[in-house]
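What the coordinates show
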Amino acid sequence: MTSDITAQGRPEAIRAVPVRRPGRWIAVAGVAVVAAMLLNMFLTQPNFNWSEQGKYAFNASVLEGIRTTLWLTAAAMAIGLALGVIIAIMRLSTNPIVSGAAWLYVWIFRGTPVLVQLLFWANIGALLPTIGIGVPFGPEFLTYKTFDLVPSVMAALLGLGLNEGAYMSEIVRAGILSVDEGQGEAATALGLTQMQTLRRIVLPQAMRVIVPPFGNETISMLKTTSLVAYVPFYELLFNVQNIYTRTYQVMPMLIMASLWYLFMSSILTVGQYYIERHYAKGATRNLPPTPVQKLRRVLSNLSGRRLA
Amino acid sequence: MTATPMVKAELVHKWFGRLEVLQGIDLEVAPKEVFVIVGPSGSGKSTFLRCINHLEKVDAGRLSVDGQLVGYHERGGKLHEMREKDVAEQRRSIGMVFQRFNLFPHMTVIENVMEAPITVRGEAKAVVRDRALKLLDRVGLSDKRENYPAQLSGGQQQRVAIARALAMQPKLMLFDEPTSALDPELVGEVLDVMRQLADEGMTMIVVTHEMGFAREVGDALVFMDGGVVVEAGDPRDVLTNPQHARTKAFLSKVL
């Protein structure tokens, strides 16, 4: 039997007539028309004032604002991540006081708008004119004027960081819970302490689940920093607003700022892809391809098809 | 018996809420002995194994490893719970192999084997690497050392797990149904490694359904059911000529 099949060899590959898909062509035509209309608008509508946008795109105060936006994003995410890990571990504690405190933190900071929180920190001096360290209900050893402790940069960092901590803790908690229980058991059986197990075994595996939403949060934070303009603190939007209150070119400046935000978030997206790829190690048999590898594969497929 | 038993259990009880999983286990495991535990699922055999390295806390009775009480200090006739650090210290001399392997998927094979000696005991990397390579060679997987666990078959993963446990140079090895999650044709390679380990004089406690292995390699065997030891003795005697009705019923199903 088997020798028969090998003698006959492999039958010729199927060359069927492909199914016609007229719906696709109609959709393509629709998209093309809308694209042409938009392009027409961008090019012919003078109110976009592209030359005005070009004039300010690399203006010193815009670049200064971008720098501030970037470090504010990084600092707020760093605070958020550090807080998030701590709160998540507290939340998973078997001690009800500890996990309750973590729950309360998340409840407050996730349950109120971040803009309100920012304004709260910016005006904290109105609530507590001085802040001191001492015994509760007893004497105070050190007293500071709140205004000196919480300048607008501090208010911006507190507002963004504490709020992010609440979201981050839920992301980290989900990541920790996603790791198989057997992992902790195996580490414990080998004599690792709880902290070593968390740091060496559980968190690295949790990262796979944590990184995608973390990237999401970072991109979201990049844009949320624009709320800091109302603290007020001089980030990108604040500086752009300063420009258009002088020039009255509101729309061109807002579009220019949006293009900058879009550019920065695109770069973050690429970064996220590579970080995800790093933490996929061991979880998938083959790492997902880099964009360059993907492009090369598509190209070789195309040329292969042409040859066939 | 003159030598200190490797494991000594006296009336060990364990309960989860109202469910009493262990109802007074009494047994002794001598050094260099291969001690086999068989029994139906839910009989408490895995729980007992996990009590030995304090993954589960003993609720009543006494359990000691190499003359040392597990998880408790005894001072002035009173038991004190051990601090986490001391429990971890005790576990270092007890290796454990799990039914589901539980290799660390984010580390390569050799990193899995090297992890505990470096992190837990702070040994020099070069020394540990040397030992890890020898162990991987012993389980026949030195060519897979740079692979990730997901790239290995179940049998290969379990052999790495054995090497990982041996890297801590334990005086006692616990096997919790090490072949139950494997395809039938992969069981043999794991049992071979275990047999070799037994020949080298390792003290082993093996929870298993592999009666052939129990008969051939085991020095002692207990049959557990409902949280108690129903029957104990030489594996060849118990397996071929069970005295108790429950043992007979169980063996008739698995043999």
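All names here are of chain B. Read from one edge to the other, the open sheet built from 6 strands follows the order E8-E9-E10-E3-E11-E12, with strand pairing classed as mixed. Each edge of the sheet is formed by a strand with only one pairing partner; in this case those strands are strand E8 (94–97) and strand E12 (228–233). The sheet shows a mean angle of 20° between the axes of neighbouring strands, taken without regard to direction. Two elements, strand E3 (residues 34–38) and strand E10 (residues 203–207), share 4 bridges in a ladder whose sense is parallel. In the sheet register, valine 36 faces E10, and the bridge partner there is valine 206.

Now for the nonpolar core. If you look at the biggest cluster of nonpolar residues, it comprises 49 residues, and the most contacted ones within it are Val113, Ile162, Met173, Phe175, Met194, Leu197 and Met204 of chain B. If one sorts the elements of this core by residue count, helix H6 (residues 184–199) of chain B sits on top with 8 residues. Excluding residues that lie within four positions of it along the chain, leucine 197 of chain B makes contacts with Arg138, Ile162, Leu166, Met173, Phe175, Met202 and Met204 of chain B. Counting 40 residues, the second largest nonpolar core, distinct from the first, contains Ala189 of chain A together with Met6, Leu63 and Phe98 of chain B.

Turning our attention to the pattern of salt bridges. This structure, assessed with the given rule, holds 26 salt bridges over all chains. The shortest N-O distance in the salt bridge between aspartate 130 of chain B and lysine 134 of chain B comes to 3.6 Å. Placement of the pair is aspartate 130 of chain B and lysine 134 of chain B together in helix H4 (residues 125–138), with a separation of 4 residues, close to one helical turn. The class for lysine 134 of chain B is exposed, based on a relative accessible area of 57%. Residues participating in the shared-partner salt-bridge network are Arg91, Arg110, Glu170 and Arg173 of chain A.

To continue, consider the side chain of glutamine 205 of chain A. Here glutamine 205 of chain A is to be found in helix H11 (residues 194–224). Looking at glutamine 205 of chain A, the relative accessible area reads 15%, which means it is buried. Once residues lying within four places of it in the same chain are set aside, the contact partners of glutamine 205 of chain A are Val179 and Gln183 of chain A together with Pro105 and His106 of chain B.

On the chain A side, the residues contacting the 26 residues of chain B number 22 residues. Remark: the boundary between chain B and chain A carries 2 salt bridges. A salt bridge links glutamate 115 of chain B to arginine 200 of chain A; its shortest N-O distance comes to 2.6 Å. There are 8 residue pairs in polar contact (both at pLDDT 80 or more) connecting chain B and chain A. Contributions of two or more residues to the side of chain B that touches chain A are made by helix H2 (84–91), E8, helix H3 (109–119) and helix H5 (154–166) of chain B. A class-by-class count of the residues in the side of chain B that touches chain A yields 15 nonpolar, 5 polar and 6 charged.

A separate point is the packing of aromatic side chains. Aromatic rings in a pair are described by how distant their centres are and how their planes are angled relative to each other. Inspection of the entire model under this criterion finds 12 aromatic pairs over all chains. Centre to centre, the rings of phenylalanine 42 of chain A and phenylalanine 48 of chain A are 5.3 Å apart; their planes meet at 70°, and the pair counts as edge-to-face. On the basis of relative accessibility, which here comes to 33%, the residue phenylalanine 42 of chain A falls in the partly exposed class. Seen from their ring centres, tyrosine 273 of chain A and tyrosine 274 of chain A are 5.9 Å apart, and the 80° between their planes marks the pair as edge-to-face. Looking at tyrosine 273 of chain A, the relative accessible area reads 25%, which means it is partly exposed. Grouped by ring-pair contacts, the aromatic residues Phe42, Phe48 and Trp50 of chain A constitute a single cluster. Positioned over the ring face of phenylalanine 104 of chain B is arginine 164 of chain B, at 4.5 Å from the centre of the ring.

A word on the packing of helix H5 (residues 96–111) of chain A against helix H9 (residues 152–178) of chain A. Residues and elements named next belong to chain A. Two elements in contact, H5 and H9, have axes whose closest approach is 8 Å; the angle formed by their N-to-C orientations is 120°. As far as their axial angle goes, H9 and H5 are oblique. Considering the relative orientation of H5 and H9, their crossing is left-handed. Across the interface between the two elements, Tyr105, Val106, Phe109 and Arg110 of H5 pack against Leu162, Asn163, Gly165, Ala166, Tyr167, Ser169 and Glu170 of H9. Its residues placed into classes, the contact of H5 with H9 shows 6 nonpolar, 3 polar and 2 charged.

Now for unusual backbone geometry. That bond from valine 231 of chain A to proline 232 of chain A is cis: its omega, 0°, falls within 30 degrees of zero. Along the chain, the position of proline 232 of chain A falls in the loop between H11 and helix H12 (236–247). Positioned with a positive phi, tyrosine 248 of chain A is a non-glycine residue whose angle comes to about 65°. With respect to the helices and strands, tyrosine 248 of chain A occurs in the loop between H12 and helix H13 (250–279). For tyrosine 248 of chain A, a relative accessible area of 69% puts it in the exposed group. In the Ramachandran plot, aspartate 66 of chain B falls in the positive-phi region, its phi being about 50° despite a non-glycine side chain. On the secondary structure map, aspartate 66 of chain B appears in the loop between strand E4 (60–65) and strand E5 (68–69).

Rules used in this analysis
Residues numbered from 1 in each chain as written. Chains lettered and ligands numbered in written order. Predicted model: local features only at pLDDT ≥ 70, side-chain atom pairs only at ≥ 80, totals over all residues. Heavy atoms only, no water. Pairing = 2+ DSSP bridges. Helix = DSSP H or I, 4+ residues; strand = E, 2+ residues; numbered from the N terminus. Axes fitted to C-alpha atoms, helices over the stretch in contact; angles between N-to-C directions. Core = buried A, V, L, I, M, F, W, Y, C linked by side-chain atoms within 4.5 Å. Buried < 20%, exposed > 50% of the residue type's maximum accessible area, 1.4 Å probe, protein only. Contact = heavy atoms within 4.5 Å. Salt bridge = Lys/Arg side-chain N within 4 Å of Asp/Glu carboxyl O. Polar contact = N/O pair within 3.5 Å; in protein donor to acceptor, adjacent residues only side chain to side chain. Nonpolar A, V, L, I, M, F, W, Y, C, P; charged D, E, K, R; others polar. Phe/Tyr/Trp six-rings, centres within 6.5 Å; stacked < 30°, edge-to-face > 60°. Lys NZ or Arg CZ within 6 Å of the ring centre and 35° of its normal. Parallel < 35°, antiparallel > 145°, perpendicular 65-115°, else oblique. Left-handed = near helix turned anticlockwise from the far one by under 90°.

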